[in-house]
Each structure stands twice: as structure tokens, then as C-alpha cells.
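# Observations on the model geometry
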Amino acid sequence: MPEHGWLNDPNGLIWLNGRYHAFFQHNPAAPVWDDIHWGHASSIDLVHWRREPIALAPGPDGPDADGCWSGSAVSGPDGPVILYTGRSGASESICLAHGDPTLRSWHKDAANPVLTPPPALALSDFRDPRAWHDGSEWRMVVGAGRIDGSGVVLLFRSSDLRRWELLGPVLHGRVSSLVGSSEGAATQGGEVWECPDLFMLDGHDVLIYSVTPDQAATRYASGSLEKGGLRVGRSGHLDFGRYFYAAQTFMDAAGRRLVMGWIREGRSVQAQRAAGWSGLLSLPREMSVAGDGRVLVRPIPELAALRTSGSRTDITGIIPGEVRTISPAIGPAWEARLLFRPGNYSRLDLELAASADGREATLVSWDVARRSLSVDRSRASLDPDTDRDTQMARPEGTLGEEVELHIFVDGSVIEIFVAGVSLTSRIYPTLGGSRLNLAVHGGDVGPVSLELWRLSPGHEPD
Ligand code: DQQ
């Protein structure tokens, strides 16, 4: 999270010179989206992070006078290079900045902007360059919207990061028409497909992109990249729930494809102002692609380094109607792994952040018949200005004999992983309760195996 002020998209995620770097959209002056800078944090192990000086600030007369919007970082021939979106008035263009080996000090390229929207494409928006080297030349995807209201991701190539040639669209359309209206975003206005990323993983070409208006979803499409664009075999959500947005991937030191996203707030603007900060980055998640093209995520195993004290219990004999307290006060930051068999019961509930008097509780439930996860926030907070809708995730594919819910809670943030899908949520309890309860409905549940850990803060020691 930012020390103070506003944070949105992760930018320029890169492993370079022995450290991981996470830049992010940042307004240091206030917890509102305005006057966007690039903030910066770095880490050796992806778990313990230290704050770094602000990397980029809007230039008074430049193409980024109204903000240094999202982009990526590469290891260029002469050192680190940031490719970012310059925003000036309503114009968006691609700009470069060059860094020193610590990635702490950056100077903007005198030739900025290096690329403006190709006029023939009739675009309304053009931003969020994501560049990489494919072994012989530079490639870059840029997110865009068309004047006709559809979203599009464009692919470019370059030999020097400065002169870019358009190869064509990777994918375009409207999410509602691509996936059917029940799953898609509300698309009254035109769509813009923001923060694209394109890579090969487990033999599949994978595109991820974030769909606005309403910053509704981060989506993936997997298939094979051909001359005319991505031939899509499979598409879906990269996370369920609307709090995980503008995700960007990167390759770690061991060659894994990791992804982080912006976790947004679920409380009022006034509450964000009162808190002094808004927005944070998700836990790093490792991606893989199943044989059928589904993109799967799981928390990186390195997160185990945050565990301080732990226990493993087999909880037995819970009967319908009983609410079993399994921890009276776990504290604000914890991790749990719950393992159980679906049976002749209908639902298993884990109540978290529950107050002793039961007035506040968030219900994480597994529905046996639907094979779906839900997060019911109707009692999560007595504060009426917090989000309280129920979120759902339904993993596809075979689940195996046991269901494993892997849950990370850190204050107001919940990240849940089940069978390769994730659901990110926010809660703002007012009573300070951190009781954990277990309940079952509609039948008896067999033993539930629970591993529970308290987590320490992820600050890098000085
Ligand atoms: N946020 C950035 C844009 C991007 C959007 C501006 C996504 O570059 O398209 O802060 O959240």
C-alpha cells in the first residue's frame, strides 16, 4: 500500500540486477486519483518490500503534463527503460524514460513522445504500453478504444524502442458480445481495453486486458497468435470480483510467469480521505495454463516466509445449526488452508472478521452442489458506506476429491484461491473482531482440515 496518498495500477514489474521492482500509479498528494506519478517499491524475494523514491512525475509542458499513466519496464541495451503513457489534455502517447542500474533515478527521453495513436485506426484511447524483447526485436502491446465503442489491443514492433511499426490488432470487440451479457461488463458507453499484456505460457499465447467503463474486470484470452491476431480458444476472468484490476505480469528469476494487480477500495471517497491512503497491490500470483486453455493462478509459495505462528487441526463433528469458533482472535493478518470433501451437506461457511457478539461477520462459503465459492458481505460491516454485495467464483474443470480454500486476509483485504481461480474482496469491519467460525448447512460435514497462520508485515529489514 502507499505510505500515503493514492495507488492504482502496478507498472513496470521487472526483475533486474538482483531485485524485483514494482512501480505503481501514484498520487502522493492525496488519496484520490489525480496528478498521476510512478511510485516505486523493490524486493529481493517478492515478499518483503522496501519503498523507493518516486520514479516519474508529470512534466509541466511535456506530453505527460496531466499524468504519467501506466506502462512497463524493460532491460534495454543501455540500461533500464520505462515505456509509459503520457497524458496531456485528452491526448495519450507513448513515452520513454531511462534509468540508472538501481532503477532509482530516471530521465525522460528528449524525443518524447515516441509514438502517438495511428490516425487510420480511429481510436478514442491509446495507452498502457507493455513491451518485451522476443529474442530478435522489441514487441509492445498497447490498450485502446475505438471511436465505434469497441475495445482493442494493438501489437507493435521495433528494433530500438523508439520507432514502432504497427503489426495489427491482437484482439478487439466488446466483452459483452465476446462472452455473453450475463458475464460481461455493462457496456453502455464505449469500451477501452486497458493494461494489456501478451505472453506465451505452457504452450498457449495468452492476452490479459482490463475492461472499462466501470473498471469492471481483468480478463484473459488464450489461444494461438496468428497473423490476423489471437485465435481465441478460451477466455475468462483473471480474478472474480471487481477489486482486482489492471493486472500486469512479469517473469521471475526462475522463469515463472507471475501477476500482480491493483486492489481497489470498497468504501466511500470520504472514508479513503479520512484513512489517508487508497489502493494496494495484490499478492504476487503464479500463472499457468491448463491443457484446455484455462488460465490458472495460485499464490506464490514464497509467501510462507510471512508465517509467524501456525497450527494444524482436524475439525470434526460439526452439525448443522452449530457455529464452531475455531479461533477467538486470530488478529488482522493471517493465512488459512481449509481442506474438506464435498458430501451430503449443501454448504460450508467460514465466518471471518467476526465480532464476539455476532453483529459483524463475513461469510466465505463453499456451495457443494454449485461447486462455487462466495463471499457474503451483507454483515461484514456496520458502516453503511462500505460495499456489501456478495461475490461469487466458480472454478471450472475437475476439482478432485477434496476442495482446498486458500485464504489470505490482511486488514481490509481478502484474497482467496480455489482450484486455480482467485477471488479478491474488501471488508471494513468497525468492531475490530477477528474471530473465525465454521458452520455447515443441510447435512453433516466430515473432518475439515485447517491450517492457520498469523502473518508478519512484509517489510524488508533495513
Ligand atoms: N489507469 C491508468 C491508465 C490505465 C488505467 C491511469 C487503468 O493508464 O488505462 O492511472 O486503471
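Residues numbered from 1 in each chain as written. Predicted model: local features only at pLDDT ≥ 70, side-chain atom pairs only at ≥ 80, totals over all residues. Heavy atoms only, no water.

### Overview of the overall build of the protein
- What the protein contains, in helices and strands, is two helices and 34 strands.
- Seen through its C-alpha atoms, the protein measures out along the principal axes to roughly 70 × 45 × 40 Å.
- Taken across its 462 residues, the protein has 58% of its residues classed as buried.
- Expressed as a percentage of contacts within the protein between residues at least 6 apart in sequence, the contacts between residues at least 24 apart total 56%.
- Total accessible area computed for the protein in this model is approximately 18500 Å², and 51% of it derives from carbon and sulfur atoms.
- In the protein, the 43 positive side-chain charges and the 57 negative ones have mean positions that sit 3 Å from each other. (Helix = DSSP H or I, 4+ residues; strand = E, 2+ residues; numbered from the N terminus. Buried < 20%, exposed > 50% of the residue type's maximum accessible area, 1.4 Å probe, protein only. Contact = heavy atoms within 4.5 Å. Areas by Shrake-Rupley, 256 points an atom, 1.4 Å probe, with all protein chains shown as cover. Lys, Arg positive; Asp, Glu negative; His and termini not counted. Charge placed at Lys NZ, Arg CZ, Asp CG, Glu CD.)

### Points about the pattern of salt bridges
- For the structure shown, the criterion picks out 38 salt bridges.
- We note a salt bridge from E92 to R87, for which the minimum N-O separation is 2.7 Å. Here E92 matches R87 in class, with each residue buried.
- In this structure, R139 engages D134 in a salt bridge whose closest nitrogen and oxygen atoms are separated by 3.6 Å.
- Classification of D134 by relative accessible area gives partly exposed; the value is 37%.
- Because the salt bridges share partners, they merge into one network encompassing R19, R50, E52, R104 and E460. (Salt bridge = Lys/Arg side-chain N within 4 Å of Asp/Glu carboxyl O.)

### Comments concerning the nonpolar core
- Membership of the largest hydrophobic core comes to 41 residues, with the highest contact counts inside it found for I208, L238 and M287.
- For this core, the secondary structure elements donating two or more residues are β1 (5-16), β2 (19-27), β13 (192-201), β14 (204-212), β17 (244-251), β18 (257-263), β21 (285-289) and β22 (295-299).
- Leave out the neighbours within four places in its chain, and M287 touches F199, L201, I208, L238, T249, R257, V259, V295, L296 and V297. (Core = buried A, V, L, I, M, F, W, Y, C linked by side-chain atoms within 4.5 Å.)

### Focus on the confidence of the model for the protein
- Of all residues in the protein, 97% attain a pLDDT of 70 or more, and the chain-wide mean is 94.
- Here residues 178-188 is a poorly scored stretch, pLDDT under 50, and it has 19 contacts once near neighbours within four places are set aside; other chains count. (pLDDT = per-residue confidence, 0-100.)

### Points about the packing of aromatic side chains
- Evaluation of the coordinates by the stated rule reveals 11 aromatic pairs.
- An angle of 70° between the planes, with centres 6.1 Å apart, marks the rings of Y20 and F250 as edge-to-face. With Y20 in strand β2 and F250 in strand β17, this pair connects stretches of sequence that are 230 residues apart.
- Judged by its relative accessible area of 4%, F250 falls in the buried class.
- Relative to W106, the ring of F23 has its centre 5.9 Å away and its plane inclined at 80°; by these criteria the two rings are edge-to-face. In this pair, F23 is assigned in strand β2 and W106 in strand β8 (residues 106-108), connecting sequence segments 83 residues apart. We note that F23, like W106, is buried.
- A connected cluster of aromatic rings, assembled from ring pairs, spans F23, W38, Y84 and W106.
- Here the basic side chain of R264 rests over the ring of W262, its NZ or CZ set 5.7 Å away from the ring centre.
- The cationic tip of R267 hangs over the ring face of W277; the distance from NZ or CZ to the ring centre is 5.9 Å. (Phe/Tyr/Trp six-rings, centres within 6.5 Å; stacked < 30°, edge-to-face > 60°. Lys NZ or Arg CZ within 6 Å of the ring centre and 35° of its normal.)

### Overview of the site of the ligand
- Lining the immediate surroundings of the ligand are N8, D9, Q25, W33, W69, S70, R127, D128, E194, Q215, Y245 and W262.
- Note that an oxygen atom of the ligand is positioned 3.0 Å from one of the side-chain N or O atoms of N8.
- For the ligand, whose free accessible area comes to 310 Å², the fraction covered by protein is 97%.
- Of all the secondary-structure elements, those providing two or more residues to the shell around the ligand are β1, β5 (68-76) and β9 (123-133).
- The residue inventory of the shell around the ligand, partitioned by class, reads four nonpolar, four polar and four charged. (Near = heavy atom within 4 Å. Polar contact = N/O pair within 3.5 Å; in protein donor to acceptor, adjacent residues only side chain to side chain. Nonpolar A, V, L, I, M, F, W, Y, C, P; charged D, E, K, R; others polar.)

### Observations concerning the pairing of β18
- Among the seven residues that make up β18, seven are buried, leaving the element largely enclosed by the rest of the structure.
- Strand direction decides the pairing type here: β17 and β18, joined by six bridges, are antiparallel. Bridging across to β18, F244 finds its partner in I263.
- Linkage of β17 to β18, two consecutive antiparallel strands, is achieved through a turn of five residues, within which G255 is found at a positive phi near 90°.
- As defined by bridge partners, β18 adjoins β21 across two bridges and the pair is classed as antiparallel. (Pairing = 2+ DSSP bridges.)

### Topic: the sheet that holds strand β24 (residues 323-327)
- If you trace the six strands from one edge of the open sheet to the other, you get β24-β33-β26-β27-β28-β29, paired in antiparallel fashion. This sheet does not close on itself; its edge strands, each paired only once, are β24 and β29 (391-393). Each neighbouring strand pair of the sheet contributes to a mean axis angle of 20°, computed without reference to strand direction.
- Inspection of the sheet shows β24 paired to strand β33 (residues 435-441) by four bridges, in the antiparallel sense. (Axes fitted to C-alpha atoms, helices over the stretch in contact; angles between N-to-C directions.)

### Concerning the sheet that holds strand β30 (residues 403-410)
- With respect to topology, six strands assemble into an open sheet ordered β23-β34-β25-β30-β31-β32, the strand pairing being antiparallel. Both edges of this open sheet fall to β23 (307-315) and β32 (421-426), since each of them pairs with a single strand only. Between one strand and the next, the sheet's axes are offset by a mean angle of 15°, whatever the strand orientation.
- Direction of pairing for β30 relative to strand β31 (residues 413-418): antiparallel, over a ladder of five bridges. By the bridge assignment, I407 is partnered in β31 with I416.

### Structural notes on unusual backbone geometry
- Cis rather than trans, the peptide bond between N112 and P113 has omega equal to -5°.
- Here P113 shows up in the loop between β8 and β9.
- A cis geometry characterises the amide bond from T212 onward to P213, with omega recorded as 25°.
- Relative to the helices and strands, P213 is located in the loop between β14 and β15 (217-226).
- Phi is positive for L46, which is not a glycine, with a value near 75°.
- Note on L46: relative accessible area 1%, which makes it buried.
- Positive phi, normally seen in glycine, also occurs at A353, with a value near 45°.

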